[in-house]
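Structure assessment
Here are the chains, one letter per residue:
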Amino acid sequence: MNTEGQMTYIDLKNLKAISRDDTTRMHKYLVQFEQLIPERTHELEKALTNQNRLRIRQILHKMSPQLQFFGIQNIMVPIQRLEFEYETMSLLELEQLVKEIIVRLQGALSEVSEYIRLHFE
């Protein structure tokens, strides 16, 4: 979140629409996100360390629906690019894209945690 309390990494419009502004459902989805993202980020880091291009693609492909659901900003283009070019792009470019995605995931996780703290605790 920025200093005005606006989200930088996530857009909760979709979440609010799907949960029909039911705060219990919203909280449940947010907590799921908060639990899954660290695990997925760790998996990505491990696959990157092992230079396992296919595993990186699989992890990102698996995460895509959830990231779209939570409206993670500016993340789908790099993910789609990796999904299509994971075999042919240079290792340096692959590393840069994955690291950029990880930074966005960590930023989104931070915002979700802050949102939970401010609205549900």
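Residues numbered from 1 in each chain as written. Predicted model: local features only at pLDDT ≥ 70, side-chain atom pairs only at ≥ 80, totals over all residues. Heavy atoms only, no water.

Overview of the overall build of the protein chain
The following threshold applies: Starting at the N terminus, helices and strands are each numbered in turn, a helix being any DSSP run of H or I of at least four residues and a strand any DSSP run of E of at least two. Note that the radius of gyration is over C-alpha atoms, with the globule rule given as 2.2 Å times the number of residues to the power 0.38. By definition in these notes, contact holds between two residues if any of their heavy atoms fall within 4.5 Å. Working definition of accessibility: Shrake-Rupley area with a 1.4 Å probe, residue cover restricted to the visible protein chains. Neither His nor the chain ends contribute to the count of charged residues, in which Lys and Arg are positive and Asp and Glu negative. Positions of charges follow a simple convention, taking NZ of Lys, CZ of Arg, CG of Asp or CD of Glu.
Assigned secondary structure in the protein chain consists of five helices and zero strands. The linear arrangement of helices and strands in the protein chain, starting from the amino end, is α-α-α-α-α. Radius of gyration (C-alpha) of the protein chain: 15 Å, near the 14 Å computed for a compact globule of 121 residues. Each principal axis of the C-alpha atoms in the protein chain carries an extent, and together these give about 45 × 25 × 20 Å. Contacts spanning at least 24 positions in sequence make up 67% of the contacts within the protein chain whose residues lie at least 6 apart. For the protein chain, the accessible surface area stands at approximately 7100 Å², while carbon and sulfur atoms represent 48% of it. Charged side chains in the protein chain number 15 positive and 17 negative. The centres of these two groups are separated by 5 Å.

A short note on the environment of histidine 61
Residue position: histidine 61 is located in helix α3 (residues 53-69). For the pair formed by histidine 61 and leucine 82, sequence separation is 21 residues and the distance between their alpha carbons is 9.3 Å.

Description of the pattern of salt bridges
Rule in force here: Basic side-chain nitrogens of Lys or Arg form a salt bridge, by our definition, when they fall within 4 Å of a carboxyl oxygen of Asp or Glu. Relative accessibility under 20% of the residue-type maximum defines a buried residue, over 50% an exposed one, and the middle range a partly exposed one, all with a 1.4 Å probe and only protein chains included.
Within the structure shown, the criterion is met by seven salt bridges. A salt bridge links glutamate 85 to arginine 81, with the nearest nitrogen and oxygen atoms 3.4 Å apart. In this pair, glutamate 85 and arginine 81 both sit in helix α4 (residues 76-85), four residues apart, roughly one turn of the helix. Relative accessible area serves as the criterion here: at 30%, glutamate 85 is assigned to the partly exposed category. Taken together, the shared-partner salt bridges connect Glu39, Arg40, Glu43 and Arg55 into one network.

What to know about the nonpolar core
Which entries qualify depends on this criterion: What we call a nonpolar core is a set of buried Ala, Val, Leu, Ile, Met, Phe, Trp, Tyr and Cys residues that are connected through their side-chain atoms within 4.5 Å.
Counting 35 residues, the largest nonpolar core has Leu44 and Leu67 as the members making the most contacts within it. Contributions of two or more residues to this core are made by α2 (23-49), α3, α4 and α5 (91-120). Counting residues per element, this core draws most heavily on α5, at eleven residues. Not counting the four nearest positions on each side in its chain, leucine 67 is found in contact with Phe33, Ile37, Ile72, Ile75, Met76, Ile79 and Leu105.

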